[in-house]
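Structural overview for review
Spelled out, the chains give:
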Amino acid sequence: YDLAIGSLSAGSDAWAYQDVIADRADVGAPPDDFSPDGQKWGFPPLIPEKLKDNAYELFIQTMRRNMKYGRAIRIDHALGLFRLFWIPDGMTPEDGAYVACYSDDLLRIIALESTLNQTMVIAEDLGTIGEHVRETLKRFQMLSYRLFYFERNYPDPSFLPPEKYPDMALCAVTTHDLPTLYGYWRGRDIETRRSVGKYLNEAQWEQQVQDRERDKRLILTALRSQGLINDDFPSDPDMIPEMTAELCLAIYKYLALSPCKLLLVSLDDIIGTLDQQNMPGTVDSYPNWMQKSPVTLEEI
């Protein structure tokens, strides 16, 4: 099961729990490298004090009902258990601010319900991470969510070797909010964001193009260091204009070498899809969640 971070203001939750849900704000995220102008997700946040005063009934029922029939649950934007980025009505993500949540209470509720329902919990801990967040999630035995694109030897941009990934984690190349491997290699996501006006200026777009070329070169270096591509495989990404099945498989083998307990494989990477399913921060300018598979089930 995939647990969304919230629900629409026009939905039944907002109607049934009007005292708990803020009606003049949206949840989102501040500007970052993948969304230079920030994100506004179009649904209201829960008010921490009101949720606590209501004995966390809405949160408990949400967790209980989502865990009832599954044996694993992925909590979308688990960082929202610690703090949520509020954007007041009529303002942009640049005008937003973080509002702290009662994280210990929420985590204890999740731990109790997961024990009662025998359900594994995967916390999507991606984005602007607050202090001690990942340590706290690990203390509650929740699996971290580690993406190939983001796991680097910071501040060096080189890719983290597989053995340095944590064991209490699910690893993956990408998510529905990020480019597929085939789209990443071609820079499809960068061009799409440019076409829908997601860059503040041309310099920002040019920097992302340069960073992508650098990262493609670093990917080839990382794969070669693990013996996953042959010595005669090109080291210059300009000689590999398109992602190939061989290169795609090598990247997944790279993750498979990690000690992570789970490896998530994207269907879009299996069939070579170029466009990602969702472009965060867009509504009508990108066909979110309405793209058909480019190949039939029989072909797959």
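Up top you'll find the structure we're talking about.
For the structure given in this document, a descriptive report is provided here. (Residues numbered from 1 in each chain as written. Predicted model: local features only at pLDDT ≥ 70, side-chain atom pairs only at ≥ 80, totals over all residues. Heavy atoms only, no water.)

1. Observations concerning the pairing of strand β4 (residues 72-75)
Summarising the sheet, strand β1 (residues 2-3) and β4 pair through 2 bridges and their orientation is parallel. Looking at the pairing, Asp-2 lines up with Arg-74 of β4. (Pairing = 2+ DSSP bridges. Helix = DSSP H or I, 4+ residues; strand = E, 2+ residues; numbered from the N terminus.)

2. What about the pairing of strand β9 (residues 169-172)?
Neither face of β9 is exposed, since Ala-169 and Cys-171 on one face and Leu-170 and Ala-172 on the opposite face are all buried. Two elements, strand β8 (residues 144-147) and β9, share 4 bridges in a ladder whose sense is parallel. Note that in β9 the partner of Leu-147 across the bridge is Ala-172. With 3 bridges joining them, β9 and strand β10 (residues 262-264) adopt parallel strand pairing. Its bridge partner being in β10, Leu-170 is matched across the sheet by Leu-262. (Buried < 20%, exposed > 50% of the residue type's maximum accessible area, 1.4 Å probe, protein only.)

3. A look at the packing of aromatic side chains
For the structure on display, the rule yields 5 aromatic pairs. Ring centres of Phe-148 and Phe-159 lie 4.8 Å apart, and the angle between their planes is 15 degrees; on these two criteria the pair is classed as stacked. You can see Phe-148 sitting in the loop between β8 and β9 and its partner Phe-159 sitting in the loop between β8 and β9, a full 11 residues away along the chain. Relative to Tyr-254, the ring of Phe-148 lies with its centre 5.7 Å away and its plane at 80 degrees, an arrangement referred to as edge-to-face. (Phe/Tyr/Trp six-rings, centres within 6.5 Å; stacked < 30°, edge-to-face > 60°.)

4. Remarks on a nonpolar patch on the surface
Where nonpolar side chains cluster on the molecular surface, the patch consists of Leu-263, Val-265, Leu-267, Ile-270, Leu-297 and Ile-300 and spans about 590 Å² of accessible area. Here Ile-300 is to be found in the segment after α10 (267-271). Note on Ile-300: relative accessible area 48%, which makes it partly exposed. (Patch = residues over 30% accessible without salt bridge, like charges linked within 9 Å, V, L, I, M, F, W, Y side chains within 5 Å. Areas by Shrake-Rupley, 256 points an atom, 1.4 Å probe, with all protein chains shown as cover. Salt bridge = Lys/Arg side-chain N within 4 Å of Asp/Glu carboxyl O.)

5. Some words on the pattern of salt bridges
Applying the stated criterion across every chain, the model contains 19 salt bridges. The salt bridge partner of Asp-2 is Arg-74, with a shortest N-O separation of 2.5 Å. One end of the pair, Asp-2, is in strand β1; the other, Arg-74, is in strand β4, with 72 residues separating them in the sequence. With a relative accessible area of 44%, Asp-2 lands in the partly exposed category. Its salt-bridge partner being Glu-202, residue Arg-194 comes within 2.8 Å of it at the nearest N-O pair. Here Arg-194 falls in the partly exposed class, since its relative accessible area comes to 34%.

6. Observations concerning the sheet that holds strand β7 (residues 120-123)
Taken in spatial order, the 3 strands line up as β1-β4-β7 in an open sheet, and their pairing is parallel. The sheet terminates laterally at β1 and β7, the two strands that pair on one side only. Sheet topology places β4 next to β7; 4 bridges connect them, and they run parallel. In the sheet register, Arg-74 faces β7, and the bridge partner there is Ile-122.

7. Some points on helix α8 (residues 202-225)
Helix length check: α8, at 24 residues, gives a terminal C-alpha distance of 35 Å against a target of 34 Å (1.5 Å per residue), a fit within 8%. Residues of α8 that are buried make contact with α6 (181-186), α7 (188-195) and α9 (245-256). Positioned one or two residues after α8, Gly-227 has a phi angle of 70 degrees, which is positive. (Expected span 1.5 Å × (residues − 1). Contact = heavy atoms within 4.5 Å.)

8. Observations regarding the sheet that holds strand β6 (residues 97-100)
In spatial order, the strands read β3-β2-β5-β6; together these 4 strands make up an open sheet with antiparallel pairing. Looking at which strands have only one partner, the edges of the open sheet turn out to be β3 (39-40) and β6.

9. As for the state of the cysteines
Within the structure shown, the criterion is met by 0 disulfides. Free of any disulfide, Cys-260 has its nearest cysteine sulfur in Cys-171, 4.0 Å distant. (Disulfide = S-S within 2.5 Å.)

10. What about the packing of α7 against α8?
It is at 10 Å that the axes of α7 and α8 come closest, and there the two elements cross at 175 degrees. On the basis of the axis angle, α7 is roughly antiparallel to α8. The residues of α8 that touch α7, namely those facing Asp-189, Ile-190, Glu-191, Arg-193 and Arg-194, are Glu-202, Trp-205, Gln-208, Val-209 and Arg-212. Of the residues that constitute the contact of α7 with α8, the class distribution is 3 nonpolar, 1 polar and 6 charged. (Axes fitted to C-alpha atoms, helices over the stretch in contact; angles between N-to-C directions. Parallel < 35°, antiparallel > 145°, perpendicular 65-115°, else oblique. Nonpolar A, V, L, I, M, F, W, Y, C, P; charged D, E, K, R; others polar.)

11. Examining the packing of α8 against α9
Between α8 and α9, whose axes approach to 10 Å, the crossing angle comes to 65 degrees. Along this stretch, α8 crosses α9, giving a crossing that reads as left-handed. Between α8, through Ile-219, Leu-220, Ala-222 and Leu-223, and α9, the contact on the second element is made entirely by Leu-247, Ala-250, Ile-251 and Tyr-254. Here the contact of α8 with α9 is composed, by residue class, of 8 nonpolar, no polar and no charged. (Left-handed = near helix turned anticlockwise from the far one by under 90°.)

12. Let's talk about unusual backbone geometry
For the peptide bond that leads from Tyr-154 to Pro-155, omega is 5 degrees, which places it in the cis range. Within the secondary structure, Pro-155 is located in the loop between β8 and β9. In the Ramachandran plot, His-77 falls in the positive-phi region, its phi being about 45 degrees despite a non-glycine side chain. Considering the arrangement of structural elements, one finds His-77 in the loop between β4 and β5 (83-88). Under the relative-accessibility criterion, His-77 is labelled buried at 13%. Residues other than glycine seldom take positive phi values, yet His-132 does so here, at roughly 65 degrees. Locating His-132 in the fold gives a position in the loop between β7 and α5 (133-139).

By themselves these figures say nothing about function.
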